[in-house]
Amino acid sequence: MSGKLTDESIRKTFMELLEQKSFSKITVKDISERVGINRQTFYYHYRDIVDLASSIIIDMCKDCFRPENDLSTCLMEIYDVMMREKPIVLNIVRSKNYDSLRLRLEPDIKRIMDGLVDRIPGTAMIPRQKRDFVVSYYAVAISSLVLRWIQEGMDVDRTFFHQLSLIIQTNLENTISILRG
């Protein structure tokens, strides 16, 4: 099996297992045996189960961050993607591995926020240190907000989530405006 096919099989098997049992009960051995690979092959692709889960969550959302999307649009598309995959997302985020998962997702969210902040007019005029602090602030706030929404059952309706995304977008633009002076 080629590397790409093996990776796809690992992901598919993991998703199937998530429908059958809790994330914390899935082992590398479970996945390896079902895919028909040895454990070392799994570790060639992923550091551990949490790395696999965080990779899948980021991949679910990556299309939400198209260049033409502002932060609000991105957040609404994330909402839609997460709702389509609600049982799997809930299973992953509600696990005992939550803290490890959160720590692995934050750098990706920060990288994404970095790109979104660059699209706001006037950002280039802000000193790098201040700009990086703003990116970190909003990345942590947004990741915490989204993960809390998931942990609490994803029961916030789309209208409220949309309003919240507009508030965050407006605040981010105001922050950039204030720092620009």
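Residues numbered from 1 in each chain as written. Predicted model: local features only at pLDDT ≥ 70, side-chain atom pairs only at ≥ 80, totals over all residues. Heavy atoms only, no water.

Under an unreviewed UniProt entry, the name given to the protein is TetR/AcrR family transcriptional regulator C-terminal domain-containing protein, and the organism recorded is Candidatus Aphodenecus pullistercoris.

Asks: Tell me about the UniProt feature "domain: HTH tetR-type" (unreviewed entry) in the protein, residues and numbers included.
Replies: Sequence positions flagged by UniProt for "domain: HTH tetR-type" (unreviewed entry) are, in local numbering, residues 4-64. Helix makes up 74% of residues 4-64 and strand makes up 0%, while its end C-alpha atoms are separated by 23 Å. (UniProt positions renumbered as here; feature names shortened; annotations may be inferred. Helix = DSSP H or I, 4+ residues; strand = E, 2+ residues; numbered from the N terminus.)

Asks: Hey, could you go over helix H6 (residues 86-93) for me, with residue numbers and the actual values?
Replies: Of all the 8 residues making up H6, 6 are buried; the element is thus mostly covered by neighbouring parts of the structure. Taken as a whole, H6 has its buried residues at Ile88, Val89, Leu90, Asn91, Ile92 and Val93. (Buried < 20%, exposed > 50% of the residue type's maximum accessible area, 1.4 Å probe, protein only.)

Asks: Any details on the packing of helix H1 (residues 3-20) against helix H4 (residues 49-61)? Residues and values, ideally.
Replies: Here H1 crosses H4 at 95°, and the two axes come no closer than 11 Å. Viewed along their axes, H1 and H4 adopt a mutual orientation that is roughly perpendicular. Judged by residue contacts, Ile10, Arg11, Phe14 and Met15 of H1 engage Ile49, Leu52, Ala53, Ser55, Ile56, Asp59 and Met60 from H4. In terms of residue class, the contact of H1 with H4 is made up of 8 nonpolar, 1 polar and 2 charged. (Axes fitted to C-alpha atoms, helices over the stretch in contact; angles between N-to-C directions. Parallel < 35°, antiparallel > 145°, perpendicular 65-115°, else oblique. Contact = heavy atoms within 4.5 Å. Nonpolar A, V, L, I, M, F, W, Y, C, P; charged D, E, K, R; others polar.)

Asks: Report on the packing of helix H5 (residues 71-84) against helix H9 (residues 158-180), specifying residues and quantitative values.
Replies: Running from N to C, H5 and H9 cross one another at 150°; their axes reach a closest spacing of 8 Å. By the angle between their directions, the pair H5 and H9 is classed as roughly antiparallel. In the packing of H5 onto H9, the handedness of the crossing is right-handed. Residues Leu71, Ser72, Leu75, Met76, Tyr79 and Asp80 of H5 form the contact with H9, whose own contacting residues are Arg158, Phe161, His162, Ser165, Leu166, Ile168, Gln169 and Leu172. (Left-handed = near helix turned anticlockwise from the far one by under 90°.)

Asks: I'd like to hear about the nonpolar core, residue by residue, with values.
Replies: Counting residues in hydrophobic clusters, the biggest one holds 59 residues, and the most contacted among them are Phe14, Ile31, Phe42, Met82, Ile92, Met113 and Ile150. Each residue touching isoleucine 150, except ones within four places of it in the same chain, is listed here: Met82, Val89, Leu90, Val93 and Arg94. (Core = buried A, V, L, I, M, F, W, Y, C linked by side-chain atoms within 4.5 Å.)

Asks: Residue-level account of empty space enclosed by the protein, with values.
Replies: Per the counting criterion, the structure on display carries 1 cavity of 30 Å³ or more. Taken as a whole, the largest cavity spans an internal volume of roughly 240 Å³. The set of elements that each furnish at least two residues to the lining of the largest cavity consists of H4, H5, helix H7 (98-118) and helix H8 (128-151). When the residues that make up the lining of the largest cavity are grouped by side-chain class, the tally is 17 nonpolar, 1 polar and no charged. (1 Å grid on protein atoms, 1.4 Å probe; cavity = no way out; pocket = protein on both sides within 12 Å on 5 of 7 lines; lining within 4 Å. Points joined across faces, edges and corners; volume = space filled by probe spheres on them.)

Asks: So, the confidence of the model for the protein: which residues are in play, and what are the values?
Replies: For the protein, per-residue confidence averages 89 on the pLDDT scale, and residues scoring 70 or more make up 98% of the total. Within the protein, the lowest mean pLDDT, 79, falls on H7, and the highest, 96, falls on helix H2 (residues 28-35). (pLDDT = per-residue confidence, 0-100.)

Asks: An account of the pattern of salt bridges is needed here, citing residue identities and associated values.
Replies: For the structure shown, the criterion picks out 16 salt bridges. In this structure, the salt-bridge partner of aspartate 80 is arginine 158, at a minimum N-O distance of 2.7 Å. Note that aspartate 80 is positioned in helix H5 and arginine 158 in helix H9, a separation of 78 residues in sequence. The class of aspartate 80 is partly exposed, set by a relative accessible area of 24%. A residue is classified by how much of its surface remains accessible, and arginine 158, at 41% relative accessible area, is partly exposed. Across the pair aspartate 132 and arginine 128 runs a salt bridge, and its minimum N-O distance is 3.4 Å. (Salt bridge = Lys/Arg side-chain N within 4 Å of Asp/Glu carboxyl O.)

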